Number of protein chains: 2
Amino acid sequence: LAAGLDLVHGLDSGAGLVSVAGLGSVAGEFLRELAKIVGPDHVLTAPDLRAGYEVDWTGRFRGAARAVVRPASTTQVADIVRLCAETGIGLVPQGGNTGLVAGAVPEGGAIVLSTRRLRDIGAVDPISAQVTVGAGVTIARVQELASEAGFAFGVDLASRDSATVGGTIATNAGGTHVLRHGSMGRQVAGLGAVLADGSVVNRTSGLPKDGAGYDLPALIVGSEGTLAVITEARLRLVPRLRRRAAAWIAVESVGAAVELAVELRQGLESLNALEYLDDAAVSLAAARHGPRPIERQSDATVLVEVAANRDPTPELVDALSAATGVLDAVIASDEVSIRRLWAFREGVAEAISAEGIPHKLDVAVPLDRLATFEDGIKRIVRERGSAAEQPWLVVFGHLAEGNLHVDVLGVDPDDAAIDDAILQLVVDLGGSVSAEHGIGRAKRRWLTRARDAADYGAMLAIKRALDPKGILNPGAMFPG
Amino acid sequence: LAAGLDLVHGLDSGAGLVSVAGLGSVAGEFLRELAKIVGPDHVLTAPDLRAGYEVDWTGRFRGAARAVVRPASTTQVADIVRLCAETGIGLVPQGGNTGLVAGAVPEGGAIVLSTRRLRDIGAVDPISAQVTVGAGVTIARVQELASEAGFAFGVDLASRDSATVGGTIATNAGGTHVLRHGSMGRQVAGLGAVLADGSVVNRTSGLPKDGAGYDLPALIVGSEGTLAVITEARLRLVPRLRRRAAAWIAVESVGAAVELAVELRQGLESLNALEYLDDAAVSLAAARHGPRPIERQSDATVLVEVAANRDPTPELVDALSAATGVLDAVIASDEVSIRRLWAFREGVAEAISAEGIPHKLDVAVPLDRLATFEDGIKRIVRERGSAAEQPWLVVFGHLAEGNLHVDVLGVDPDDAAIDDAILQLVVDLGGSVSAEHGIGRAKRRWLTRARDAADYGAMLAIKRALDPKGILNPGAMFPG
């Protein structure tokens, strides 16, 4: 690991990390009680065993956990939460640990509650087109289950092999098919979750319509483990479409990309995905994944995917022929070529990480202001640079939702000024400081700027009502 | 109005209605303050002016309002709510008053806050495919706005000319296109709402992805005016599809209807709607809307609609030819014939009301238990009858979601035993006591049976946190 990683970047300075050495007798008693619940093998206290749960995958955020506990059932989760409520010790739910805003990085003496052993898998019900799975099941596994039963799953993202159902629901993760099927929350037909007092809410019947009281699952979606620990989910599946096609399209600018997106969205019924890459993203991916799909360099690239039961290639070709602003396009209509285009797009995040520790922001901006936004961040990055060192801006993301991932390389990871400038621009343009990654610990001081006082007050009132002792993911979203 | 309607059927006996006569000086002062906010013309206190706001459209539920106040802006709503918070006087938000569970029927000395004057209409934004409208705008008007701009709106329901945006969001109304586009909540890209202290939450930026904090709009959707007064909504529009087709299909039973629905859902990409009618529903509609589309009588009928940019008729014909269980089918591929089929389906509720005051339940049951459910309700209704008088059961609804509207005619409207028996069966089968109409006042004593203690406790904690004085729609969902 690179130097400096034992700092927790972007966290409020007040949130100090506790040492796990020298636990007193109360703490020892707590650990013994944990061991009674899950068995001693599943309470990890040794630093080397805890290590993988204490740092995020980008290496930007590191914390310290009092212990890592790995329950295997909802009952065990409930017992752990009850024990935490009794002792006032915080718990940080953690799924595949693929988060990007330190939402699952422990601080303040909390334990990590890893959901990875919650791997129960129900049978796919073809009548409701749903399946119930444990929170620790990965997205890739859900995709497999769906496929084996003749369906598909509505969410796909690059971290599919590690990201869990629980974690992606807790952050309302998006990915590349939001345009067609919505974010993770939209796949949720029901949830099982443990509340802050250890009681269990079971809404897994999977009814597509259920107006009996408040939509608690909808509130828990995106609440980042601060209101409940998700233990299982009833997921809706979507029909599997037999054929897909994709296009890699060079356009002049982000403005032209938006124009193309709006046109295609109106005309292409089979639209599955609309992704954006700037030239830096394409160049970085090309360095790792072979030659650029289109040799000609362009400031902006759009990746389009369509899917249908009949071959959607003709429809895609027609739409692109009629569209304005297409400089050049490559169509992929066989699976190998389509996958190659996606590998290129999905390789961007890893290619960035290979260059160093980036400033990494996930934001959304209204589509009609996306061009203004890109101009603004270029200016911000330019102003941060010196003659000797010019920061490196990489922008890519989910065009249809105005959701861009903004990465800046070549700036001290501890220097939050560039993040602040970019996020302020987002707020000024009516955008969101977090589109699909959540607030976590990295962006919590931004939440009060992103939401006005009444809105923030309502969120805090809900948090206090459902978690009066503040034991659920303390420090995430709100100050600990 | 028929006799007995001054009773509020199905309400808890404890929730007495107050007389509005003999208001003391405090109450007079309150009314003068209301008049200062909205002008004296928009504070209705005379019984004849209040009357239309105090009874639901079926005539089953009647209450009494201290006054009806009709604000024209979010600021006026905020001032009214603040005044209510100061005086402790409850307010019942009311949209088009098309609800079916007395969710907008005033009780306990509350005022009615009618949202019908909140009719601001923004320009349709073709880039985001969204529009911002006031809570009092009707669904029909939103459909028109969408159509004029080359889009469509995802929700359609029989009460479109009266039902408002605010009311349909507050109940998360469904309608006939849920299968394709989801319920009303799914059309919500953002909300403006007034909280119980009169503060205003503005989340109308319309970002398709916004992970900055809790999804307050998702919590407000379906909360029936108990957490906030919705004043405006940012609504997503959907692409307008050029062609549609429909089929009226006779099948043997509700079980066969479910089987057909599952098959069509898998194979028909262009599926828009899947509706169910039992023989009683078809017969009632036929008596008012002309001859049955299929002469042959069958226990169950399915209405299917498909829509696409190309003519979807061939696809529909192919799917029905391949499907099992089709006894007979009529295909409508021109607009006049399609509308005739829908008029038939949509005429059922009115045809029932013309026969008398029904017991009217909106429930959802898992699809694989729908046949068991129908057997059960037939048994319940049979057991309630005598040799002299046999109750009349009419069942219709939204097949794809297992959402049935169960109407029973010929039973004393005050006799809640039949509702209790049917709703208990729903709970026993893992269904929902309210699919798309909400809990309101009519079903509130069922909410504790529908949800377990932890779940109900969490809902109540949220209610108390956001409305500590209990002024927002007191008596709806929870006891007043």
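**Student:** How should the sheet that holds strand 15 (residues 359–364) of chain A be read in this particular structure?
**Tutor:** Remark on secondary structure: sheet strands pair via backbone hydrogen bonds, oriented parallel or antiparallel. All names here are of chain A. Spatially, 7 strands are ordered 14-11-13-12-16-17-15 in an open sheet, and the strand pairing comes out antiparallel. Looking at which strands have only one partner, the edges of the open sheet turn out to be strand 14 (328–332) and strand 15. On average, each strand axis in the sheet is tilted by 15° relative to the strand beside it, whichever way the strands run. Examined bridge by bridge, strand 12 (residues 271–278) and strand 16 (residues 392–398) share 3 bridges and lie antiparallel to one another. Note on strand 16: the bridge partner recorded for Tyr 276 is Gly 397.

**Student:** Sorry if this is basic, but what is going on with helix 4 (residues 139–148) of chain B here?
**Tutor:** Every α-helix winds through 3.6 residues per turn, so residues three or four apart in the chain are directed the same way. Residue and element names in this part refer to chain B. For helix 4, every residue scored as buried is listed here: Ile 139, Ala 140, Val 142, Leu 145 and Ala 146. Where the residues of helix 4 are buried, they touch strand 5 (130–134), strand 6 (151–152), helix 5 (165–170), helix 7 (184–187) and strand 9 (229–236). In the segment just after helix 4, Gly 150 is the residue with positive phi, at about 85°.

**Student:** Please clarify how the packing of aromatic side chains should be interpreted in this entry.
**Tutor:** Aromatic ring pairs: the centre-centre distance and the angle between the two ring planes describe each pair. Residues and elements named next belong to chain A. Per the stated rule, a full pass over the model turns up 6 aromatic pairs over all chains. Ring centres of Trp 248 and Phe 344 lie 5.3 Å apart, and the angle between their planes is 80°; this geometry places the pair in the edge-to-face category. In this pair, Trp 248 sits in strand 11 (residues 243–251) while Phe 344 sits in helix 12 (residues 335–355), placing the two residues 96 residues apart along the sequence. Residue classification places Trp 248 among the buried positions, given a relative accessible area of 1%.

**Student:** I'm lost on the sheet that holds strand 16 (residues 392–398) of chain B in this one. Help?
**Tutor:** All names here are of chain B. On the basis of which strands lie adjacent, the open sheet formed by 7 strands has the order 14-11-13-12-16-17-15 and antiparallel pairing. In this open sheet, the two strands that pair with only one neighbour each are strand 14 (328–332) and strand 15 (359–364). Adjacent strand axes in the sheet meet at a mean angle of 15°, parallel and antiparallel pairs treated alike. Bridge count for strand 11 (residues 243–251) against strand 14 is 5 bridges, and the pairing is antiparallel.

**Student:** Sorry if this is basic, but what is going on with the pairing of strand 8 (residues 200–203) of chain A here?
**Tutor:** For a regular strand, side-chain orientation follows a simple rule: the groups alternate between the two sheet faces. Residues and elements named next belong to chain A. The alternating pattern of strand 8 places Val 201 and Arg 203 on a buried face, while none of Val 200 and Asn 202, on the opposite face, is buried. One ladder, built from 4 bridges, connects strand 7 (residues 188–194) with strand 8; its direction is antiparallel. Considered in strand 8, the bridge of Gly 192 is made with Asn 202. Counted along the chain from strand 7 to the antiparallel partner strand 8, the turn is 5 residues long, and its residue Gly 198 has a positive phi close to 90°.

**Student:** Please clarify how the relation of the copies chain B and chain A should be interpreted in this entry.
**Tutor:** There are two copies of the chain, and a rotation about an axis plus a shift along that axis relates them. In screw terms, the move from chain B to chain A is a rotation of 180° and a rise of 0.0 Å along the axis, fitting with an RMSD of 0.0 Å. Classification of the inter-copy transformation places it as that of a two-fold axis. Most of the interface of chain B is mirrored in chain A, where 100% of its interface residues are also at the interface.

Analysis parameters
- Residues numbered from 1 in each chain as written.
- Chains lettered and ligands numbered in written order.
- Predicted model: local features only at pLDDT ≥ 70, side-chain atom pairs only at ≥ 80, totals over all residues.
- Heavy atoms only, no water.
- Pairing = 2+ DSSP bridges.
- Helix = DSSP H or I, 4+ residues; strand = E, 2+ residues; numbered from the N terminus.
- Axes fitted to C-alpha atoms, helices over the stretch in contact; angles between N-to-C directions.
- Buried < 20%, exposed > 50% of the residue type's maximum accessible area, 1.4 Å probe, protein only.
- Contact = heavy atoms within 4.5 Å.
- Phe/Tyr/Trp six-rings, centres within 6.5 Å; stacked < 30°, edge-to-face > 60°.
- Least-squares fit on C-alpha atoms with pLDDT ≥ 70 in both.

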